[in-house]
Amino acid sequence: MTRVPIAGVGMTKFGKSGERTAREMFAEAAGKAYDDAGIAPDDVDEVYYGNFMGEIAEQQGHSGPLAADAAGVTAPATRIESACASSGAAVRHGVNRIRNGDVDVVLVGGAERMTNLSTADGTAGLAAAADALWEVKAGVTFPGAYSLMANRYFHEHGGSREDLANIAVKNHDNAVENPLAQFQMEIDVEKVLEAPTVCSPFGLFDCSPMSDGGSAALLVSEDYADDHGLGPEVAITGTGQNGDRLALQDRVSMSRAPAAERAAEQAYADAGIGPDDVDVAEVHDCFTIAEVLAIEALGFYEQGEGIKAATNGETTIDGELPVNLSGGLKAKGHPVGATGGAQISELTKLLRGDHVNSDAVSDAEIGLTHNAGGTVASCVVNVLEVIA
Amino acid sequence: MSDDDRVRDNGYDDFLDAVEEGEPYYLESPSGNGWLPPRQMDPETGERDLTEEPLPETGEILTSTITNVAGPSFADDAPFVVAVAQFGPVRITGQVRGMDHEDVDIGQEVTIGVGENETEGERLVVFEPA
């Protein structure tokens, strides 16, 4: 299929800045993307903006035009809401619009303000991505839902808390030098295992944090890039999205992510590649077990084998397939509506050579982003390739 | 807000009523797939002719977790155990009561009941050892 060049990317530093509004953070990210691309706001044809809990955190709905307004754009603007996959889906919409030939420049990304809420209220806000009748009324939180998946995974395939801890340690290691990451600090397995339990088997360090932040990317048609002499180095060459039953109890499996499997299959076919071609990946590690489910669903590992990937050093910075060189959601942070766009921003830089961890993947040609919503009832997979 | 004031959720509250009356049910499609209400269609097949079938008396825990950090609606309930249990062709999420949290395990046989959320007094699905 037609490749869609990424002309520019930008994101805020993720972290705890609860006084900043989502519109402000998206504007900052968009400003960086304009500067990176050399494109002015008045060239933007459409805006797709990811945001999940604006009504809960900011009493703000109808945030598509608000985001466009903040980014200096007067154009059709739509909010995309797919829980934590919101801006991954926004990116995919932008790709499809350009491929359709209807538009030349699309601003995509998202923002989320979360830390203005208490931990309890934020936990309740995130739970809105679960089934309100059959899960939330039973007391299911998101750490709880992923804990249910982790314990089922352990029952079926084995693995240990230490294996999960090695994922958290790896992703923290990757974030240490990343100035945009929320946690630029190393941790060790002992610290992970001794942290207070959130939901068994997860301790505090198995969970991504509450974060504030924004992300943006400017997607363009190849004709526009040529006509304006942009010379983008990276393009989206494949995209896939799929879904599943919203409630975990209604899935065919609680230890797999079939929506991610289907999304990956679509993205690989679209790009004309397979999992063995991927050199580097940014996956949705909202909880440590989520990285395991992701690398298995993406075809990097057989089911039941992904649990040992970090322990064996296969997905570390010097491993065969580095995963989450940005620090992932775990250490970079997870302002949910911004996460999918941030994956695009970080992976683009990794492939271009201007990310702090680019040296680890200096020969990489193909990268992949995996952005999941809920307990993977939504999943978007995008394939990025070096084109120059 | 008491249960008398709250607007009912069709399907969900009907199911809890049926559990309390000792006649729990699930919805079955012609293909034999089981679901909880409210359902107009089988999401796997698109079939619309769903019928109410009696829920098996016991189920088996497929997975569980002890939740220590809860949202405001369950603040006074924590810690509590959430589990997903298989009852015939349908899976149900609820809280496990009547046994030590640490003793809840996959494969445990349970019965279904209706309990109360300590924090807000709302009804919820609970499981107890069979």
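Here, the structure is the one placed above.
Residues numbered from 1 in each chain as written. Chains lettered and ligands numbered in written order. Predicted model: local features only at pLDDT ≥ 70, side-chain atom pairs only at ≥ 80, totals over all residues. Heavy atoms only, no water.

**Student:** How should I be thinking about the overall build of chain B in this particular structure?
**Tutor:** From N to C terminus, chain B includes 1 helix and 8 strands. The secondary structure elements of chain B, listed N-terminal to C-terminal, are α-β-β-β-β-β-β-β-β. Over its C-alpha atoms chain B spans a radius of gyration of 15 Å, differing by no more than 12% from the 14 Å that the globule rule assigns to 130 residues. In terms of principal-axis extent, the alpha carbons of chain B reach across some 40 × 40 × 25 Å. Taken across its 130 residues, chain B has 45% of its residues classed as buried. Counting only contacts in chain B whose residues sit at least 6 apart along the sequence, the fraction spanning at least 24 positions is 51%. Carbon together with sulfur atoms contributes 40% to the accessible area of chain B, which is approximately 6,300 Å² in total. Distance between charge centres in chain B, computed from 7 positive and 31 negative side chains, equals 7 Å. (Helix = DSSP H or I, 4+ residues; strand = E, 2+ residues; numbered from the N terminus. Rg over C-alpha atoms; globule rule 2.2 N^0.38 Å. Buried < 20%, exposed > 50% of the residue type's maximum accessible area, 1.4 Å probe, protein only. Contact = heavy atoms within 4.5 Å. Areas by Shrake-Rupley, 256 points an atom, 1.4 Å probe, with all protein chains shown as cover. Lys, Arg positive; Asp, Glu negative; His and termini not counted. Charge placed at Lys NZ, Arg CZ, Asp CG, Glu CD.)

**Student:** So what exactly am I meant to see when it comes to the overall build of chain A here?
**Tutor:** Looking only at helices and strands, chain A has 13 helices and 11 strands in total. The C-alpha atoms of chain A give 19 Å as radius of gyration, which agrees with the globular expectation for 388 residues (21 Å, within 12%). Projected onto its principal axes, the C-alpha coordinates of chain A cover approximately 55 × 45 × 40 Å. Within chain A, residue pairs in contact and separated by at least 24 positions form 78% of the contacts whose partners lie at least 6 positions apart. For chain A, the computed accessible surface area is about 12,500 Å², with 45% contributed by carbon and sulfur atoms. A gap of 7 Å separates the mean positions of the 25 positive and 58 negative side-chain charges of chain A.

**Student:** What am I meant to see in the packing of aromatic side chains here?
**Tutor:** Each aromatic ring pair is summarised here by two numbers: the centre-to-centre distance and the angle between the ring planes. In the structure shown here, the tally under the stated rule is 9 aromatic pairs over all chains. Ring centres of A:Trp134 and B:Tyr12 lie 5.0 Å apart, and the angle between their planes is 70°; this geometry places the pair in the edge-to-face category. Separated into two different chains, A:Trp134 in the loop between α5 (119–127) and α6 (142–157) and B:Tyr12 in helix α1 (residues 12–20) make up a pair that spans both. What makes A:Trp134 buried here is its relative accessible area of 5%. Here A:Phe142 and A:Tyr146 contribute two aromatic rings whose centre-to-centre distance is 6.5 Å and whose plane-to-plane angle is 45°, an arrangement assigned as tilted. Taken together, the positions of A:Phe142 and A:Tyr146, both in helix α6 and 4 residues apart, correspond to about one turn of that helix. Taken individually, A:Phe142 and A:Tyr146 each receive the classification buried, so the pair is uniform in this respect. (Phe/Tyr/Trp six-rings, centres within 6.5 Å; stacked < 30°, edge-to-face > 60°.)

**Student:** Can you walk me through the packing of helix α7 (residues 161–175) of chain A against helix α11 (residues 288–297) of chain A in this structure?
**Tutor:** Each pair of packed helices gets described by two things: the angle between the helix axes and the distance between those axes. All names here are of chain A. As a packed pair, α7 and α11 sit with axes 8 Å apart at the nearest point and diverge in direction by 95°. The angle between α7 and α11 falls in the class roughly perpendicular. Along the contact surface, α7 presents Leu164, Ile167, Ala168, Lys170 and Asn171, while α11 presents Thr288, Ile289, Glu291 and Val292. (Axes fitted to C-alpha atoms, helices over the stretch in contact; angles between N-to-C directions. Parallel < 35°, antiparallel > 145°, perpendicular 65-115°, else oblique.)

**Student:** In this structure, what is going on with the sheet that holds strand β2 (residues 34–35) of chain B? I would like to understand it.
**Tutor:** In a beta sheet, neighbouring strands pair by backbone hydrogen bonds and run either parallel or antiparallel. Residues and elements named next belong to chain B. Overall, antiparallel pairing links the 3 strands, which are arranged β2-β1-β3 in an open sheet. Two strands lie at the open edges of the sheet, namely β2 and β3 (51–54), each paired on one side alone. As defined by bridge partners, strand β1 (residues 25–28) adjoins β3 across 4 bridges and the pair is classed as antiparallel. Directly across from Tyr25, in β3, lies its bridge partner Pro54. (Pairing = 2+ DSSP bridges.)

**Student:** Sorry, what's going on with the interface of chain B and chain A here?
**Tutor:** Note on interface size: it is often stated as the accessible area lost on association of the parts. Tallying the contact residues gives 35 residues for chain B and 29 residues for chain A. Summing the contributions of chain B and of chain A, the shared interface buries around 2,700 Å²; its carbon and sulfur component is 60%. Considering only the surface of chain B that becomes buried against chain A, B:Tyr12, B:Arg91 and B:Thr93 emerge as the three largest contributors, covering 21% of it. Across the pair B:Asp9 and A:Lys137 runs a salt bridge, and its minimum N-O distance is 3.6 Å. Viewed at the interface, chain A and chain B are joined by 15 residue pairs in polar contact (both at pLDDT 80 or more). Among the secondary structure elements, those contributing two or more residues to the side of chain B that touches chain A are α1, β4 (59–67), β5 (80–87), β6 (90–96) and β8 (123–129) of chain B. Here the side of chain B that touches chain A takes 6 residues from β4(B), the largest share from any one element. Grouping the amino acids of the side of chain B that touches chain A by side-chain chemistry returns 21 nonpolar, 9 polar and 5 charged. (Buried area = accessible area lost by both parts, 1.4 Å probe. Salt bridge = Lys/Arg side-chain N within 4 Å of Asp/Glu carboxyl O. Polar contact = N/O pair within 3.5 Å; in protein donor to acceptor, adjacent residues only side chain to side chain. Nonpolar A, V, L, I, M, F, W, Y, C, P; charged D, E, K, R; others polar.)

**Student:** Explain α6(A) to me, please; I cannot follow it from the model alone.
**Tutor:** An α-helical turn contains 3.6 residues, so any two residues separated by three or four positions project in the same direction. All names here are of chain A. Compared with an ideal rise of 1.5 Å per residue, which puts 16 residues at 22 Å, α6 spans 22 Å between its outermost C-alpha atoms and is within 8% of the ideal. Burial analysis of α6 places 13 of its 16 residues in the buried class, which makes it a mostly covered element. Where α6 starts, the residue carrying a side-chain oxygen 3.0 Å from the main-chain nitrogen of Gly144 turns out to be Thr141. Positive backbone phi, at 85°, marks Gly158, one or two positions downstream of α6. (Expected span 1.5 Å × (residues − 1).)

**Student:** Explain the nonpolar core to me, please; I cannot follow it from the model alone.
**Tutor:** A general trend in soluble globular proteins is that nonpolar side chains are found buried together. Residues and elements named next belong to chain A. Formed by 73 residues in total, the largest nonpolar core has its most connected members in Tyr146, Ile289 and Phe300. Here this core takes 8 residues from α6, the largest share from any one element. Discounting residues that sit within four places of it in the chain, Phe300 has contacts with Tyr268, Pro275, Val278, Ala281, Ile295 and Leu321. Grouped together as the second largest cluster of nonpolar side chains are 27 residues, Val95, Leu219, Ile236 and Leu347 included. (Core = buried A, V, L, I, M, F, W, Y, C linked by side-chain atoms within 4.5 Å.)

**Student:** Help me out: how do you make sense of a negative patch on the surface in this one?
**Tutor:** Residue and element names in this part refer to chain A. A contiguous patch of negative charge on the surface is contributed by Asp45, Asp104, Asp223, Asp226 and Asp227. Summarising the element assignment, Asp45 is placed in the loop between α1 (22–37) and β2 (46–50). In this structure Asp45 comes out as partly exposed when scored by relative accessible area, which is 30%. (Patch = residues over 30% accessible without salt bridge, like charges linked within 9 Å, V, L, I, M, F, W, Y side chains within 5 Å.)

**Student:** What should I look at first to understand the environment of B:Met99 in this one?
**Tutor:** Residues and elements named next belong to chain B. Positionally, Met99 belongs in the loop between β6 and β7 (109–116). Separated by 29 residues in the primary sequence, Met99 and Glu128 have C-alpha atoms spaced 7.5 Å apart. Other than its neighbours up to four places away in sequence, Met99 contacts Val104, Gln108 and Pro129.

**Student:** How should I be thinking about the pattern of salt bridges in this particular structure?
**Tutor:** Should the charged atoms of two oppositely charged side chains come close, the side chains can pair. All names here are of chain B. Taken as a whole and judged by the stated rule, the model has 28 salt bridges over all chains. Of the charged contacts, one joins Asp9 and Arg6 as a salt bridge, the two residues approaching to 3.4 Å between their closest N and O atoms. For Asp9, a relative accessible area of 26% translates into the label partly exposed. The class for Arg6 is buried, based on a relative accessible area of 16%.

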